[in-house]
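Observations on the three-dimensional arrangement
Here are the chains, one letter per residue:
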Amino acid sequence: MTSPLTNPSYTLAELCIVACAEAWRHDGEVLATGIGLVPRLAAGLAKLTFNPDLMMTDAESVLVAEPVPVGPRGDYQVKVEGWMPYLRTFDLLWHGRRHALVGPVQVDRYGQMNISAVGDHAKPKSSLLGVRGFPGNTLNHPNSLFIPNHSTRAFVAGEVDVVCSVGYNPARWPGGVKPAGLDLRLCVTDLAVLDFAGAQHALRVVSLHPGVTLEQVQVATGFPLQVDGILPVTPAPTMEQLQLIRERLDPHDLRATVFKGNPPGLRPAS
Amino acid sequence: MADKRMTTAQVVARLRDGMTLGIGGWATRRKPMALVREILRSPLKDLTLIAYGGPEIGMLCAAGKVKRVIFGFVSLDVQPFDNHFRNARQAGQLEASEVDEGMVQWGLRAAGMRLPFLPTRVGLGTDVLKLNPWLGKVRSPFADGEELVAVPALRLDAALLHVSESDEKGNCTIQSPDPFFDDLFARAANEVYLSCERVVPTAQLINAQTARLQPFERSLVTGVVEVPFGAHPTASAPFHGIDVPHLAAYNAAATPEGWAAYRAQFVDLPDHDAYVRACGGYGALAGLPLPVF
């Protein structure tokens, strides 16, 4: 871990980008898809640092040899290395060589996610996006999660209102057998880093963000979390990581809009 | 050779109440909006729509044209939700057949190959099967014996597509960066209607180098409508980008009064030329910047 003394000032958004990037560290040559600003910047950071083999797109239709900066591009020329229309993306994801980092509205103790609707599906209280590719993604390739509002509204008790993705819920598995492609990895929130490596793939706390207590995390979660031993603090961004985020990946500081008030990553202990 | 040129009104006159329509493009890109506006002005009703949904879905819902939508998403990209579609859905006004994005192309592909269904694992372990009892299950006849989902053929009475250019016979090109699934919509449909930026002579449209820009062959095409900016307010790259302020104003108009005002200003007009002028004129639309995602 880098001493905070070498990087006295970083934001919570930057801490989350660095934590999310870890999702792709050991993936090798797969398509990294980050849905939303923090996951997208995290994929770019992973490619520029510890996993240069990652493939990624311009979020439209081409594969790029280096991550495209977000926001207005000015004179920047996209470094095209291939074509990735949606049809090929669908072929690729059913084939399995992809790792997506997604932002569901709800997630439950099984890692089942909801982006479809809150309330009854036939007449929802709030109609959201639709199941999109979640059913196929979670059956076919690894997925990680970014939840910017760690709360009991996001981490719900019981099951999510509409189960859009496959999770570690044997009652829903065909024949009670875990689907071969099911692989939920990291879950980064505004409070902590978690994974699905607990008993029976229970959600487990991996590290706490600076100034956050375990009690805070548990109270904000609608089901019991697994905790193994003493928890470390989520590693602070290194100077190299901050420089890449600020100068290359997000030169217009769009990440300042992720959390209300753009709070610092080093929060005073509550 | 057949001259398949038509007007938007001639296309819509061939559609019937209760039809299943496939709409090409993706969210805010290459939607056949001039054809959609013609439907909005028509008495057509009880439509089933299949699409990678953008503003066409919300507009048709707001106008009371829709019985059922088969979709993976409905989105305005820059604004994630279409408020008109949300209103219809939250009021329980339509049958929301919500499936995985990949299942939509799978059902279209089955229809295009004249198969009853295609198998997939997608949907297992989620609420998609419970919410869509029209999906089936099938067991592999081979040693694995795996239980799979059967996505039935999504046959279309008609497909409405906005392509880049076409000749009068329906040889067309899609010159934008992603052809999306327009070829599958075309092959799944009994009749295919194209709107395009320009109708041009074949020799000017296609040569050995550009032939791969043709998404499907002309024998699938019933009608061709020349309607420059016919995808507006969605993008038709390389000709023009997304009209983001227009979409934002449309999305903000998701009340009965708001929709009535939008209709009066942009739908209930004598012709497409009047629409273009209502949106700022040909020069302004040609200057819409290409999207950056």
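Refer to the structure above for everything that follows.
The structure presented is a predicted model; accordingly, all values stated were derived computationally and were not measured.

Reading guide: rules and limits
- Residues numbered from 1 in each chain as written.
- Chains lettered and ligands numbered in written order.
- Predicted model: local features only at pLDDT ≥ 70, side-chain atom pairs only at ≥ 80, totals over all residues.
- Heavy atoms only, no water.
- 1 Å grid on protein atoms, 1.4 Å probe; cavity = no way out; pocket = protein on both sides within 12 Å on 5 of 7 lines; lining within 4 Å.
- Points joined across faces, edges and corners; volume = space filled by probe spheres on them.
- Helix = DSSP H or I, 4+ residues; strand = E, 2+ residues; numbered from the N terminus.
- Nonpolar A, V, L, I, M, F, W, Y, C, P; charged D, E, K, R; others polar.
- Phe/Tyr/Trp six-rings, centres within 6.5 Å; stacked < 30°, edge-to-face > 60°.
- Buried < 20%, exposed > 50% of the residue type's maximum accessible area, 1.4 Å probe, protein only.
- Lys NZ or Arg CZ within 6 Å of the ring centre and 35° of its normal.
- Contact = heavy atoms within 4.5 Å.
- Buried area = accessible area lost by both parts, 1.4 Å probe.
- Salt bridge = Lys/Arg side-chain N within 4 Å of Asp/Glu carboxyl O.
- Polar contact = N/O pair within 3.5 Å; in protein donor to acceptor, adjacent residues only side chain to side chain.
- Axes fitted to C-alpha atoms, helices over the stretch in contact; angles between N-to-C directions.
- Parallel < 35°, antiparallel > 145°, perpendicular 65-115°, else oblique.

To continue, consider the layout of surface pockets. Residues and elements named next belong to chain A. Each pocket or cavity is described by its volume, and for the second largest pocket that value is around 410 Å³. For the second largest pocket, the lining is made up of 22 residues, of which Val18, Ala19, Glu22, Arg25 and Leu186 are closest to its centre. Secondary-structure elements contributing two or more residues to the lining of the second largest pocket are α1 (12-21), β11 (184-189) and β13 (204-208). Partitioning the lining of the second largest pocket into residue classes produces 12 nonpolar, 6 polar and 4 charged.

This paragraph deals with the packing of aromatic side chains. Scanning all chains against the criterion turns up 21 aromatic pairs over all chains. Ring centres 5.0 Å apart and planes at 45° place the aromatic pair Tyr262 of chain B and Phe266 of chain B in the tilted group. With Tyr262 of chain B and Phe266 of chain B both in helix α10 (residues 256-266), this residue pair falls 4 residues apart, about one helical turn. Phe266 of chain B shares its class with Tyr262 of chain B; the two are buried. Taken together through their ring pairs, the aromatic side chains of Tyr86 and Phe90 of chain A together with Trp26, Tyr52, Phe73, Phe180, Phe181 and Phe185 of chain B make up a single cluster. Above the plane of the ring of Phe73 of chain B lies Arg132 of chain A, whose end atom (NZ or CZ) is 3.9 Å from the centre. Taking the ring centre of Trp134 of chain B as reference, the NZ or CZ of Arg68 of chain B above it sits at 5.1 Å.

For the rest of this paragraph, the subject is the interface of chain A and chain B. Counting residues at the interface gives 42 residues for chain A, matched by 43 residues for chain B. In total, about 3600 Å² of surface goes out of reach between chain A and chain B, with carbon and sulfur atoms giving 57% of it. Among the residues of chain A in contact with chain B, Phe90, Trp94 and Arg132 of chain A are the three that bury the most area, contributing 19% of the side total. Linking chain A with chain B are 3 salt bridges, by the criterion used here. We note a salt bridge from Arg29 of chain B to Glu60 of chain A, for which the minimum N-O separation is 3.9 Å. For the pair chain A and chain B, the number of links is 19 residue pairs in polar contact (both at pLDDT 80 or more). If you list the elements that add at least two residues to the side of chain A that touches chain B, you get α3 (86-95), β9 (126-127) and α4 (134-140) of chain A. By residue number, the principal contributor to the side of chain A that touches chain B is α4 of chain A, which donates 5 residues. A breakdown of the residues in the side of chain A that touches chain B according to their chemical character gives 21 nonpolar, 12 polar and 9 charged.

Our focus in this paragraph is the packing of α1 of chain A against helix α6 (residues 239-249) of chain A. All names here are of chain A. Between α1 and α6, the least distance of the axes is 11 Å, while the angle of their chain directions is 110°. Put simply, α1 runs roughly perpendicular to α6. Within the contact between the two elements, α1 uses Glu14, Ile17 and Val18 and α6 uses Gln241, Leu242, Ile245 and Arg246. Its residues assigned to classes, the contact of α1 with α6 shows 4 nonpolar, 1 polar and 2 charged.

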